[in-house]
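Working through the structure, step by step
In case you want the letters, here they are:
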Amino acid sequence: MEPTICDGDVVLLDESQTTPRDSRIFAILKGNGELIIKRLIQPVTGGWVIRSDNDDKRIYPDHPISDSEIDSLKIVGRVVWHGGAL
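Residues numbered from 1 in each chain as written. Predicted model: local features only at pLDDT ≥ 70, side-chain atom pairs only at ≥ 80, totals over all residues. Heavy atoms only, no water.

1. A short note on the overall build of the protein
The cut-off we apply is this: Helix and strand assignments follow DSSP, with helices taken as H or I runs no shorter than four residues and strands as E runs no shorter than two, numbered in order from the N terminus. With the radius of gyration taken over C-alpha atoms, the globule rule is written as 2.2 Å times the number of residues to the power 0.38. Relative accessible area decides the class of each residue, using a 1.4 Å probe on protein chains only: under 20% of the type maximum gives buried, over 50% gives exposed, and in between gives partly exposed. Any two residues whose heavy atoms approach within 4.5 Å at even a single point are treated as in contact. For every accessible area listed, the method is Shrake-Rupley and the probe measures 1.4 Å; residues are considered covered only by the protein chains on display.
Looking only at helices and strands, one finds 1 helix and 6 strands in the protein. For the protein, the α and β elements follow one another from N to C terminus as β-β-β-β-β-α-β. For the protein, whose C-alpha radius of gyration is 13 Å, the value lies close to the compact-globule estimate of 12 Å for 86 residues. With respect to the principal axes defined by its C-alpha atoms, the protein has extents near 40 × 30 × 25 Å. For the protein, buried positions account for 29% of its 86 residues. Of the contacts made within the protein by residues no fewer than 6 positions apart, 51% connect residues no fewer than 24 positions apart. When the accessible surface of the protein is totalled, it reaches about 5,700 Å², and 52% of it is carbon and sulfur.

Here is the structure:
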């Protein structure tokens, strides 16, 4: 999620915010147990996009998903704060 959130940064999650919201950053639990932090985008054409803020889309590609797939995502909470080393 660089440059927004860097490796080693600390994040604060609001676990009461589990409903997807356009352009917000969420912690998402994948089916394999991996926790990822990504931005959710809702295009005007419908569906959703799980996006990393990292510019290298070869390594961190966008993942389009349907409206029904977003309902099955396990959203742990919305990232409301982050901090890192100076």
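2. So, the sheet that holds strand 4 (residues 48-51)
Just so we agree on the cut-off: Strand pairing follows a simple DSSP-based rule, namely that at least 2 bridges must link the two strands. A fitted line through C-alpha atoms represents every axis, and for helices the fit uses only the stretch in contact; the resulting angles, taken between N-to-C directions, go from 0 to 180 degrees.
Spatially, the 6 strands line up as an open sheet ordered 1-6-2-3-4-5, and their pairing is antiparallel. Looking along the sheet, the strands with just one partner apiece sit at the ends: strand 1 (10-14) and strand 5 (63-65). On average, each strand axis in the sheet is tilted by 40° relative to the strand beside it, whichever way the strands run. By the bridge criterion, 6 bridges tie strand 2 (residues 24-29) to strand 3 (residues 35-41) in an arrangement that is antiparallel. Across the sheet, the residue bridging to Leu29 is Leu35, located in strand 3.

3. What about a nonpolar patch on the surface?
For the record, the criterion: Patch criteria: residues need more than 30% relative accessible area and no salt bridge. Like-charged residues are merged within 9 Å; nonpolar side chains of Val, Leu, Ile, Met, Phe, Trp and Tyr are merged within 5 Å. Whenever Lys or Arg places a side-chain nitrogen within 4 Å of a carboxyl oxygen from Asp or Glu, that contact is recorded as a salt bridge.
On the surface, a cluster of nonpolar side chains totalling about 380 Å² of accessible area is made up of Val10, Leu12, Val80 and Trp81. Elements represented by at least two residues in the nonpolar patch include exactly strand 1 and strand 6 (74-83). Relative to the elements of secondary structure, Trp81 occurs in strand 6.

4. Brief notes about unusual backbone geometry
Looking along the chain, the bond that leaves Glu2 and enters Pro3 is cis, with omega of 15°. Following the sequence through the fold, Pro3 ends up in the segment before strand 1. At Ser23, a residue that is not glycine, the phi angle is positive and equals roughly 70°. By secondary structure assignment, the location of Ser23 is in the loop between strand 1 and strand 2.

5. Observations regarding the nonpolar core
Most often, soluble globular proteins have nonpolar side chains that are buried together. For the record, the criterion: Here, nonpolar core means buried Ala, Val, Leu, Ile, Met, Phe, Trp, Tyr and Cys residues that are tied together by side-chain atoms lying within 4.5 Å of each other.
In this structure, Phe26, Ile28, Ile36, Leu40, Trp48, Ile50, Ile65, Ile70 and Ile75 together form the largest nonpolar core, which totals 9 residues. Listed by contribution, the elements that provide at least two residues to this core are strand 2, strand 3 and strand 4.

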